[in-house]
Amino acid sequence: MSDENILSESATDRRGFLRGAGLAAVSAALGAPIPFGEHFPDGLVPVALGQDGGVPTIPGKDGVRVLNDRPINAETVVTELDDDFTPNAKHFVRNNGIMPDRANTGSLDGWSLTIDGEVKKSLTLSMDDLESQFKRHEAALVIECGGNGRAGYNPPAKGNQWTLGAVGCSRYAGVRLRDVLKSAGVKDSAVYIGYESEDLHLSRDPSKKPISRGVPIAKAMDEHTMLVWEMNGEPLPALHGFPLRLICPGWPGSTGGKWLKRIWVRDQVHDGAKMTGTSYRVPRYPVAPGTDVPEEDMEIIEEMPVKSIITRPASGIVTKLSEQLALRGHAWSGFGDVKAMHVSVDFGQTWTKARLRKPVNPYAWQRWTASVSFPKKGYYEVWARATDKQGRMQPMLVPGWNPKGYLNNAMQRIAVKVV
Amino acid sequence: MNTETEHRTGLGSATPFLHPWGGLAIRGDILRVGVVAIALLLQVCGAAAADKPAASQPAAAPKTFEQANKEAANKSKAAVQTFMGLKQTPGFEYVLANCIGCHSPRLIAQHHLSRKRWEETLVTMNKKHGLWKLSPDMKKRILDYLAENQGPLGDQEFKETPWAQPLYRPNPLW
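None of the values given here were measured: they were computed from a predicted structure.

1. Side note on the overall build of chain B
Helix and strand content of chain B: seven helices and two strands. Secondary structure elements of chain B occur, N-terminal to C-terminal, as α-α-α-β-β-α-α-α-α. Considering chain B as a whole, with its 174 residues, one finds that 38% of them fall into the buried category. Put simply, 58% of the contacts in chain B that link residues at least 6 apart link residues at least 24 apart. As displayed, chain B offers around 10,100 Å² of accessible surface, 62% of which is attributable to carbon and sulfur atoms.

2. Here we look at the sheet that holds strand 21 (residues 338-344) of chain A
Residues and elements named next belong to chain A. One open sheet accounts for five strands, arranged 19-26-25-21-22; its pairing is mixed. Single-partner strands in this sheet number two, and they are strand 19 (317-319) and strand 22 (352-353). As defined by bridge partners, strand 21 adjoins strand 25 (residues 378-388) across six bridges and the pair is classed as antiparallel. Following the sheet pairing, His-342 is matched in strand 25 by Arg-385.

3. What to know about the pattern of salt bridges
Residues and elements named next belong to chain A. Enumeration according to the criterion identifies 26 salt bridges over all chains in this entry. With a shortest N-O distance of 3.2 Å, Lys-307 and Glu-144 are connected by a salt bridge. Of the two residues, Lys-307 is situated in strand 18 (residues 307-312) and Glu-144 in strand 8 (residues 136-144); the sequence distance between them amounts to 163 residues. Residue classification places Lys-307 among the buried residues on the basis of a relative accessible area of 4%. Here the residues in one salt-bridge network are Asp-82, Asp-84, Arg-312, Arg-328 and Arg-367, joined through shared partners.

4. Here we look at unusual backbone geometry
All names here are of chain A. The peptide bond linking Arg-70 to Pro-71 adopts the cis configuration, its omega dihedral lying at 0 degrees. Look at the link from Phe-242 to Pro-243: it is a cis peptide, with omega at 5 degrees. Structurally, Pro-243 is set in the loop between strand 13 (234-235) and strand 14 (245-247). We note that Arg-204 has phi near 60 degrees; this positive angle belongs to a residue other than glycine. Looking at the element boundaries, Arg-204 is found in the loop between strand 10 (192-197) and strand 11 (214-216).

5. Brief notes about the packing of helix 4 (residues 92-99) of chain B against helix 7 (residues 136-149) of chain B
Helices that pack against each other are described as a pair by the angle of their axes relative to one another and the distance between those axes. Residue and element names in this part refer to chain B. Viewed as axis vectors pointing N to C, helix 4 and helix 7 meet at an angle of 115 degrees, and their least axial separation amounts to 8 Å. Crossing of helix 4 over helix 7 shows left-handed handedness. Seen from helix 4, the contacting residues are Phe-92, Tyr-94, Val-95 and Asn-98; seen from helix 7, they are Met-138, Arg-141, Ile-142, Tyr-145 and Leu-146. Considered class by class, the residues forming the contact of helix 4 with helix 7 number seven nonpolar, one polar and one charged.

6. Quick word on the sheet that holds strand 4 (residues 72-76) of chain A
Strand pairing in a sheet takes place through backbone hydrogen bonds and is either antiparallel or parallel in direction. All names here are of chain A. One open sheet accounts for three strands, arranged 3-4-5; its pairing is antiparallel. The open sheet has two edge strands, strand 3 (64-69) and strand 5 (93-94), and neither has a second partner. Pairing of strand 4 with strand 5, which is carried by two bridges, proceeds in the antiparallel orientation. Bridge pairing in strand 5 places Asn-73 opposite Arg-94.

7. Here we look at the packing of helix 6 (residues 115-128) of chain B against helix 7 of chain B
Residues and elements named next belong to chain B. Contact geometry for helix 6 and helix 7: axes closest at 10 Å, N-to-C directions at 135 degrees. As the angle between them shows, helix 6 and helix 7 are arranged oblique. Handedness of the helix 6/helix 7 crossing: right-handed. The segment helix 6 lies against helix 7, with Arg-115, Trp-118, Glu-119, Leu-122 and Val-123 engaging Lys-139, Lys-140, Ile-142, Leu-143, Asp-144, Leu-146 and Ala-147. Among the residues forming the contact of helix 6 with helix 7, the class breakdown is seven nonpolar, no polar and five charged.

8. Thoughts on the environment of Arg-150 of chain A
Residue and element names in this part refer to chain A. As for its position among the elements, Arg-150 is in the loop between strand 8 and strand 9 (167-176). Considering only alpha carbons, one finds Arg-150 and Asp-84, 66 residues apart in sequence, at a separation of 25 Å. Excluding residues within four positions of it along the chain, Arg-150 makes contact with Ala-157, Lys-158, Gly-159, Asn-160, Gln-161, Trp-162, Lys-404, Gly-405 and Tyr-406. Within polar-contact distance, the side chain of Arg-150 engages the backbone oxygen of Asn-160 at 3.0 Å.

9. What about the nonpolar core?
Inside soluble globular proteins, nonpolar side chains tend to come together where they are buried. Core analysis: the biggest nonpolar cluster contains 34 residues, and Ile-115, Leu-130, Leu-227 and Ile-263 of chain A have the highest contact counts within it. Elements supplying a minimum of two residues to this core: strand 6 (113-117), strand 7 (123-125), helix 4 (127-133), helix 5 (177-184), strand 10, helix 6 (217-220), strand 12 (226-231) and strand 15 (260-266) of chain A. Per-element tally for this core: the top contributor is helix 5 of chain A, with four residues. Core analysis: the second largest hydrophobic core is formed by 22 residues, Leu-96, Leu-122, Ile-142 and Leu-143 of chain B among them.

Parameters at a glance
- Residues numbered from 1 in each chain as written.
- Chains lettered and ligands numbered in written order.
- Predicted model: local features only at pLDDT ≥ 70, side-chain atom pairs only at ≥ 80, totals over all residues.
- Heavy atoms only, no water.
- Helix = DSSP H or I, 4+ residues; strand = E, 2+ residues; numbered from the N terminus.
- Buried < 20%, exposed > 50% of the residue type's maximum accessible area, 1.4 Å probe, protein only.
- Contact = heavy atoms within 4.5 Å.
- Areas by Shrake-Rupley, 256 points an atom, 1.4 Å probe, with all protein chains shown as cover.
- Pairing = 2+ DSSP bridges.
- Salt bridge = Lys/Arg side-chain N within 4 Å of Asp/Glu carboxyl O.
- Axes fitted to C-alpha atoms, helices over the stretch in contact; angles between N-to-C directions.
- Left-handed = near helix turned anticlockwise from the far one by under 90°.
- Nonpolar A, V, L, I, M, F, W, Y, C, P; charged D, E, K, R; others polar.
- Parallel < 35°, antiparallel > 145°, perpendicular 65-115°, else oblique.
- Polar contact = N/O pair within 3.5 Å; in protein donor to acceptor, adjacent residues only side chain to side chain.
- Core = buried A, V, L, I, M, F, W, Y, C linked by side-chain atoms within 4.5 Å.

Limitation: the analysis is restricted to geometry and does not speak to function.
Pasting the structure below:
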């Protein structure tokens, strides 16, 4: 079975198949909002749907596992996150809508960034303006989806079932958002910023936005919050927001809009798509798994908790008793640097301190390495645990259940057989 | 509504079946004849095989660690034909007709929710994301499919990951 390229003609072809099939399936596949669902003709069935199409792939991406192709959501296989800085090809993708044509054509025609709302002077900036009027800033920044680890919650939570790989740390270049906001002059009435982007809602209804989130003005003015147009030395790839995206490091990835068009300075908490209801929110108080939580009791997620991954070796490795096993990975926290990293090979009874590098800059992840030996042959698990500056550790089990399955920072474990 | 009644009646007489290699629409009743014939054939072959003495078979080797992991990972892959992760069992066509205009079947396939949570999801899709109003009957058919095929998973099949899994639980992420 050949692989299915989810951006290629074959995706269109697949829809082409449908065109000759059931009327209902045709319309469904074309995305035309025709209320045919009530009139699906019996016996006339979509054909050529018998094949699953193989493993979905995304051109330009490597080492990722596609969770969803419309919208595109793909996470990185954890062992593929071993690089010091995540290459563009390996960075996870979380799209909410349909990518704008501009991202695919790579054209800046007609593009500008608007800064307006609670500012003294609204700005309309071209890419040249951004590059020439503000000081260039570079940083390696962790972007992690708020729902990374969602697959661990039970009862299962709604949303993409990310396991470990909705995280990456790439090197970005652009400008500080605060430099741009200062140039516009933020009024005292400013409370929050909201971004607006060029992507389309999945229904293609222009009155709907797929996502429009933001952060409080203090986070927007933080020196690490950036508008970026370069990722690992290349123009921002289409999937990552060409031509410009926002990054609010340490906070859920969704706070940083891709395919950016506007930063709207608000005099209230931004109420765009996926800011309200249950999106990117957790209960204000701990709840029993499966609880129905009233929307008014949900609060917006801000900092992401301390977390780490084991990138070497892969789980399931077989190793010799006579040999030391080298372990490595990364650790990060939305609250600042990670203070310590520990590993255990005896189900958490004793812990060994791992070597932990300092981050290259705030909000970059930190490399950890360790070497362990085993007392006798048998089945082991390596557990790895990061501790942040405030002394908070990763929990052994999934942390507090929440309806949308956010903030799972449970320790990663790998299986090791010693022979 | 007339079409609705006809639809329901029609469904009872011939279950739509998705032809695995395309080109033709096959009615369930025609297909069932073929299925029965193949089943009979297999039964005959199976009986013949069972007649042979099993003594010459070597005792099954104990499962290796790797095999156990592989089996665990493959366990939830059912024999039924799937389309982008969704099982092509009765009711699949209604999900296809009402849901995949906007998003991929893979978004559905990732979820294993109770009927109540699926119902909430349909309400959200209607209120916020442009899903047309479903008749109570159509809604029931879709929910029947989702509850049957995308309900909560049992502990053993709880999580399928592409890499080997530790064998001790309870962290259900791996």
